[in-house]
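Residues per chain, in single letters:
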Amino acid sequence: EVQAHVMNRLQKGILSAHFVQDETYYSVTPLFRELVLVARSGRTDEENRGLRLFAVRILLIVSLLAVEILLVAVAARAYLVEPLERLSFSVAEWRRSNVFSAGPSRAVPVEIRHLQRAFRRATDRLSRHERQLRKAARSQEALIREIHHRIKNNLQIVASLLNLQATRIKEPAARREFTLIRERVRTLATLHRYLYPEGGIAALDIGGFLEELCAQIYLSHNLATDGRIKLRLEVDAVPISPDQAVPISLIVSELLNNALNFAFPENRSGTVRVSLKKNGANCELRIADDGIGFESQMHPSGRSEGAARAAGLGLQLVRGFARQMQAHVEMNTGETGTECLVRFEPVPARRLVD
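Attention here is on the structure that accompanies the text.

Details of the sheet that holds strand β4 (residues 229-235)
(1) Moving on: Spatial strand order, β4-β5-β6-β8-β7: five strands in an open sheet with mixed pairing. Every interior strand has two partners, whereas the edge strands, β4 and β7 (328-334), have only one. Here the average twist between neighbouring strands, direction ignored, is 10°.
(2) Moving on: Running at roughly 165° to β4, helix α5 (residues 206-220) makes contact with β4 and β5 (270-279) of the sheet.

Quick look at the side chain of Thr190
(1) Moving on: Structurally, Thr190 can be placed in helix α4 (residues 172-195).
(2) Moving on: Ignoring anything within four residues of it in the chain, the contact list for Thr190 reads Phe209, Glu212 and Gln216.

Comments concerning helix α6 (residues 242-263)
The α-helix winds at 3.6 residues per turn, so residues separated by three or four positions along the chain end up facing the same way.
(1) Moving on: Under the 1.5 Å per step criterion, the end-to-end length of α6 is 30 Å for 22 residues, consistent within 8% with the ideal 32 Å.
(2) Moving on: For α6, a buried count of 18 out of 22 residues is recorded, marking the element as mostly surrounded by other parts of the structure.

So, the packing of helix α2 (residues 45-97) against helix α3 (residues 110-167)
(1) Moving on: It is at 11 Å that the axes of α2 and α3 come closest, and there the two elements cross at 5°. The angle between the axes of α2 and α3 places the two elements in the roughly parallel class. Residue-level inspection shows Tyr79, Leu80, Pro83, Leu84, Leu87, Val91 and Trp94 of α2 in contact with α3, the latter providing Ile112, Leu115, Gln116, Phe119, Thr123, Leu126 and Ser127.

Here's the deal with the pattern of salt bridges
(1) Moving on: By the definition in use, this model includes 13 salt bridges.
(2) Moving on: Note that Glu130 is salt-bridged to Arg134, the shortest N-O span being 3.6 Å. Highlighted residues: Glu130 and Arg134, both in helix α3, separated by four residues, approximately one helical turn.
(3) Moving on: With a shortest N-O distance of 2.2 Å, Arg184 and Glu254 are connected by a salt bridge. Of the two residues, Arg184 is situated in helix α4 and Glu254 in helix α6; the sequence distance between them amounts to 70 residues. Summarising the burial analysis for this pair, Arg184 and Glu254 share the class buried.
(4) Moving on: Through salt bridges that share partners, Glu284, Arg286, Glu330, Glu339 and Arg343 make up one connected network.

Quick word on unusual backbone geometry
(1) Moving on: Despite not being glycine, Glu266 has its phi angle at roughly 55°, a positive value.
(2) Moving on: Here Glu266 is to be found in the loop between α6 and β5.
(3) Moving on: One non-glycine residue, Asn267, adopts positive backbone phi at about 60°.
(4) Moving on: Of the residues examined, Asn267 reaches a relative accessible area of 66% and is grouped as exposed.

Focus: the environment of Phe344
(1) Moving on: Tracing the sequence through the fold places Phe344 in strand β8 (residues 337-344).
(2) Moving on: On the basis of relative accessible area, Phe344 is assigned to the buried category, the value being 1%.
(3) Moving on: For Phe344 and Met325, which are 19 residues apart along the polypeptide, the C-alpha to C-alpha distance reads 7.3 Å.
(4) Moving on: Other than its neighbours up to four places away in sequence, Phe344 contacts Ile240, Gln244, Ile248, Leu276, Asn282, Cys283, Leu285, Met325 and Ala327.

Focus: α3
(1) Moving on: Look at α3: 85 Å from first C-alpha to last across 58 residues, which is about the 86 Å you get at 1.5 Å a residue.
(2) Moving on: Regarding α3, the residues found buried are Ile112, Gln116, Thr123, Ser127, Ala137, Glu141, His148, Lys152, Leu155, Ala159, Leu162 and Ala166.
(3) Moving on: Contact partners of the buried residues in α3: α2 and α4.

So, how was this worked out
Here the residue numbering is sequential within each chain, running from 1 through the sequence in written order. Predicted model: local features are reported for residues with pLDDT of at least 70 only, side-chain atom pairs are reported and counted for 80 or more only, and whole-chain, interface and lining totals are derived from all residues. The side-chain quantities take in all heavy atoms of the structure and omit both hydrogens and water. Paired strands, in this sense, are two strands between which DSSP finds at least two bridges. Helix and strand definitions here come from DSSP, where helices need a minimum of 4 consecutive H or I residues and strands a minimum of 2 consecutive E residues; each element is numbered from the N-terminal end. In this analysis, axes come from line fits to C-alpha atoms, helices being fitted only over the stretch in contact, and the angle between any two N-to-C directions falls in the range 0 to 180 degrees. Between two residues, a contact is recorded if the distance between any of their heavy atoms is within 4.5 Å. Here the expected span of a helix is defined as 1.5 Å times the quantity of residues minus one. Exposure is judged per residue with a 1.4 Å probe applied to protein chains only, and the accessible area is read against the type maximum: over 50% gives exposed, under 20% gives buried, and values in between give partly exposed. Oblique is the label for any angle not under 35 degrees, not over 145, and not in the 65 to 115 range, which are roughly parallel, roughly antiparallel and roughly perpendicular in turn. For this analysis, a salt bridge means a side-chain nitrogen from Lys or Arg found within 4 Å of a carboxyl oxygen belonging to Asp or Glu.

Any link to function would need more than the numbers given here.
Below you can see the structure in the form of C-alpha cells.
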C-alpha cells in the first residue's frame, strides 16, 4: 500500500513525498533512475506512553489552575469585595442616618481594617462638626429673632412718641404729616413682628401680615367698626424675602392711607381691595378703590393744597419703594376709582436650618 502510494506520487511528477500513514511517518526521495529511497519512522510504545502521560499532566495542570483561580475568586470575594461593599453601605447609611457602623472586622485584611477605622474617625469628626454647625445655626436664628423683636419694640416706641407729639400740634397739616410718619413706623414695627417667626424667614406669613397691617390702618382712621369703607383682602401664599417684604408693606401702607384719606371725602362709602396674586413667574400686588379718582384727589374743590401734596408724595414714595425691588408700577384712575398695580418677581427666603 505504501509502495503504491509512492509510485502514484512519482508518476504524477512529485519527486519527493512526506506523509503519515497508520501513525508512521514516511519520507520518499528518488536517487537515480528508478531507484527510490524510502525512510520510515514511527513512535515506540514508550514514546506513546510518554505522550499520553504528558497530555494527562497538561490536563492536570490546567485543572489545578482552574481550581486555584476559583479559590482566589472566592477568597477575594470573601476577604476583599464583601468588606469593601459593607464599608460602602456603611458610608451610604451614615449619609442617611448620621450613624456609621462598619460591621464585623474578623478575618478582614489589615489594610481594610485601617480603612474602616479611618472612615469611622472621619465620620465622627464630620458628625461632631455638623452638630456644632446646627447648634450655631440655632443660636444665630434665636439671635436674629431677638434682634427683630427688639427692633419691633423700638419702632413701636418711636410710633408712640410720634403719636404723643402729634397730639400737641395745633396745625392740621403738620399733625397729618406726623400721623403719616407714625403709620410708616408702625408698619415697619408690624412687619418685624412677622419677619422672623419660629420657622425662620422662609415661613413669613404674608397673608396674615397684610391682614393685620390693613386692620391696623383702618383702626387708626377709626374705620374698623363703622363699615363705611369696606376692605376686601385676597392674598396668596407667596414666598417673599425680607428685602421685598419691607417695600411691599410700605407700598400697601402708603396706598391704603391715601385711599382712606382722600378717595372717600364727605363720608362717602365704598370698598378698598388689596390683593397679592401669583401670575406665572411674577407676583401682582393690586390696591384699588371705588372712590372719587386720583385726579379729583389732586384737584378737588375746597381741598387744601397740603392734602394734594400729601397724596402726590405718597405716590412718589410708592414708586421709590417699587424701584427697590425692581418692580413695575401701573396707575389707573378715573371717575370710578383708582387702581395701582405693582408687578414684581418674588424672591423666596432661605431657611438657615433644615
